[in-house]
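Results of the structural survey
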Amino acid sequence: MKKNKIIVRLEPHFWWGVYDFCKEPASIGLNLFFENDERIGLVSVHGKRYFSELFDHLIDSPEGKDVYIKLGEIFWDKIDKYIFGDIHYFWYEYQDKDDKSFYEVPYMAPKNDKGVKPSQVEIWHPDQRIGLSTIQSSVKFWAKEHLQIEDCEIEILNEMPKEESFELFKLDRMKNNKIIVQTEDSSFWWSICGFYEKSTYEDLKLFYGNNEKIGNVRIYGKCGLRAKIEHLKNCPEPKEYAAAIEKFIAEDKCRFWYRYLQKDDEAFLDTIYMAPKNDIGLKPWLAEIWHPDQRIGLSTIISSVKAWAKEHLQVEDCEIEFQPNMPLNELLELFKQEKRSEILRSISLNYIKAEPKFTDELITGLSKCLNEPKEDILKKLKSLSKKLEELKKNYNKDNTDSDDDLPF
């Protein structure tokens, strides 16, 4: 048996980050063994991102202040030095001997003032997230400190082939082969229902069927892209972007464009799903979906997301669910209640169509989207149209000179 060789067993979901199906984890627990399955123990490895997420959680959590105080000044002082440094740290958690669940690690580790070894050993690694190289350097650092082994050999078990790993990933995330779509604001539904001009682009948040976030995308119709070409004439945007748009205008299928940031950018973030990397190995922070429709309708979003899912998740013909679905009978009240919001300041009754066309395509699409009978959809649309007409009649246009004013 080689005592200078340490075996690490990893859970199947770790490989999802390795293969770029999602972000690498910010924290991981490692089961360590010598050869012949002699167990050494469990250690935890945290990247800097783990503590950023912990701090954000404490800020947003009602009990965050109490947890912050409980962790103590020593902990936070060490965190501060760790976050702004470039070295490994150890952190030890201890239990009282009279605890029913008392445990201490079986290997050498610093004892507290009661002569008890830690119940948990954490390795704080200078990487942001945990990859294979992070694990290897962490285990070597741990072995040198706790086993007095210099430059030990590391063997990682349970490596999963990419294809098998991806099937497991989809099974975990893609509940019912579904992708959940969230739109940025309620004005989207006004345009979808035909009361307002359809938008030239739409920002969407995408989630797996288990409600875990996938990321953000932006959909452009050709009308919006034509406007961008005019804007780009006086903009330092790379010329290949405008050239790609001009080429797409003549096409009749979805295309994707990816936007990248520099890693040292203060706002740096990249996607958490599979996407093409640039020449310095970074994934994009945003994917644009260029759709052949002129403007963005319900069918535009559905076909765009399906095309995106096929390209980036290898999912054929996924189910699309909108959340929150906006019941038609709530739209008018929402319009009144949110009259001071930035979203609705851009909507004036002058711009809402007096006689919208409720096409069969629209009614069928809303029926599927809202899971309501087509007869009920049409009835609600006509009722909503009538109420809007009444509002317009009672609205003194002389009191409004801009789109920012609303009649409530």
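Residues numbered from 1 in each chain as written. Predicted model: local features only at pLDDT ≥ 70, side-chain atom pairs only at ≥ 80, totals over all residues. Heavy atoms only, no water.

**Topic: the side chain of Lys 5**
- Relative to the elements of secondary structure, Lys 5 occurs in strand β1 (residues 5–9).
- A relative accessible area of 11% means that Lys 5 is categorised as buried.
- Of note is the side chain of Lys 5, whose polar atom sits 3.4 Å from the side chain of Glu 35.
- When sequence neighbours within four positions are dropped, the list of residues in contact with Lys 5 reads Phe 33, Phe 34, Glu 35, Glu 153 and Glu 155. (Helix = DSSP H or I, 4+ residues; strand = E, 2+ residues; numbered from the N terminus. Buried < 20%, exposed > 50% of the residue type's maximum accessible area, 1.4 Å probe, protein only. Polar contact = N/O pair within 3.5 Å; in protein donor to acceptor, adjacent residues only side chain to side chain. Contact = heavy atoms within 4.5 Å.)

**Re the nonpolar core**
- One finds Leu 30, Ile 135, Trp 142, Ile 179, Trp 308 and Leu 366 to be the most contacted residues of the largest nonpolar core, which totals 78 residues.
- With residues up to four places along the chain from it excluded, the contact list for Ile 135 reads Val 8, Leu 10, Phe 14, Ile 28, Leu 30, Ile 130 and Ile 156.
- Core analysis: the second largest hydrophobic core is formed by 12 residues, Leu 225, Ile 245, Phe 248 and Trp 257 among them. (Core = buried A, V, L, I, M, F, W, Y, C linked by side-chain atoms within 4.5 Å.)

**So, the confidence of the model for the protein**
- With 83% of its residues at a pLDDT of at least 70, the protein reaches an overall mean of 80.
- In the model of the protein, helix α11 (residues 342–345) stands out as the element of lowest mean pLDDT, 42, in contrast to helix α4 (residues 132–146), which has the highest, 93.
- Segment residues 338–348: pLDDT under 50, and 27 contacts once partners within four positions in sequence are set aside and those in other chains are kept.
- Note that pLDDT drops below 50 for residues 396–408; the model gives that stretch 22 contacts with residues more than four away or on any other chain. (pLDDT = per-residue confidence, 0-100.)

**Brief notes about the packing of aromatic side chains**
- For the structure on display, the rule yields 28 aromatic pairs.
- Taken together, a centroid distance of 5.0 Å and an interplanar angle of 80° make the contact between Phe 75 and Trp 91 edge-to-face. On the criterion of sequence distance, the pair formed by Phe 75 in helix α3 (residues 64–83) and Trp 91 in strand β4 (residues 89–93) is long-range, its members being 16 residues apart.
- Exposure remark for Phe 75: the relative accessible area of 5% places this residue in the buried category.
- For Trp 91, a relative accessible area of 15% corresponds to the buried category.
- Residues Trp 91 and Trp 124 carry aromatic rings whose centres are separated by 5.7 Å and whose planes lie at 15° to one another, so their mutual orientation is stacked. Remark: Trp 124 occurs in strand β5 (residues 120–124) and Trp 91 occurs in strand β4; sequence separation between them is 33 residues. Each of the two residues, Trp 91 as well as Trp 124, counts as buried.
- Among the aromatic side chains, those forming a connected cluster through ring pairs are Tyr 50, Phe 51, Phe 55, Phe 75, Trp 76, Tyr 82, Tyr 89, Trp 91 and Trp 124. (Phe/Tyr/Trp six-rings, centres within 6.5 Å; stacked < 30°, edge-to-face > 60°.)

**Let's talk about the pairing of β4**
- Along β4, four of the five residues are buried, which leaves the element largely enclosed by surrounding structure.
- Pairing geometry for β4 and β5, over five bridges, is antiparallel. For Tyr 89, the partnering residue across the bridge sits in β5 and is Trp 124. (Pairing = 2+ DSSP bridges.)

**Comments concerning the pattern of salt bridges**
- This structure, assessed with the given rule, holds 17 salt bridges.
- Of the charged contacts in the structure, one is a salt bridge between Lys 178 and Glu 321, with a shortest N-O distance of 2.8 Å. Taken together, the residues Lys 178 in strand β7 (residues 178–183) and Glu 321 in strand β12 (residues 319–322) connect sequence positions 143 residues apart.
- Given a relative accessible area of 15%, Lys 178 falls into the buried group.
- Take Glu 321: its relative accessible area is 22%, and that puts it in the partly exposed class. (Salt bridge = Lys/Arg side-chain N within 4 Å of Asp/Glu carboxyl O.)

**A few points about helix α7 (residues 222–232)**
- Within α7, the full set of buried residues consists of Lys 222, Gly 224, Leu 225, Lys 228, Ile 229 and Leu 232. Along the axis of α7, the buried positions cluster into a sector of 150°, meaning they face one direction only.
- Buried residues in α7 make contact with β9 (213–220), α8 (239–249), β10 (255–259) and β11 (286–290). (Arc of directions from axis to C-beta.)

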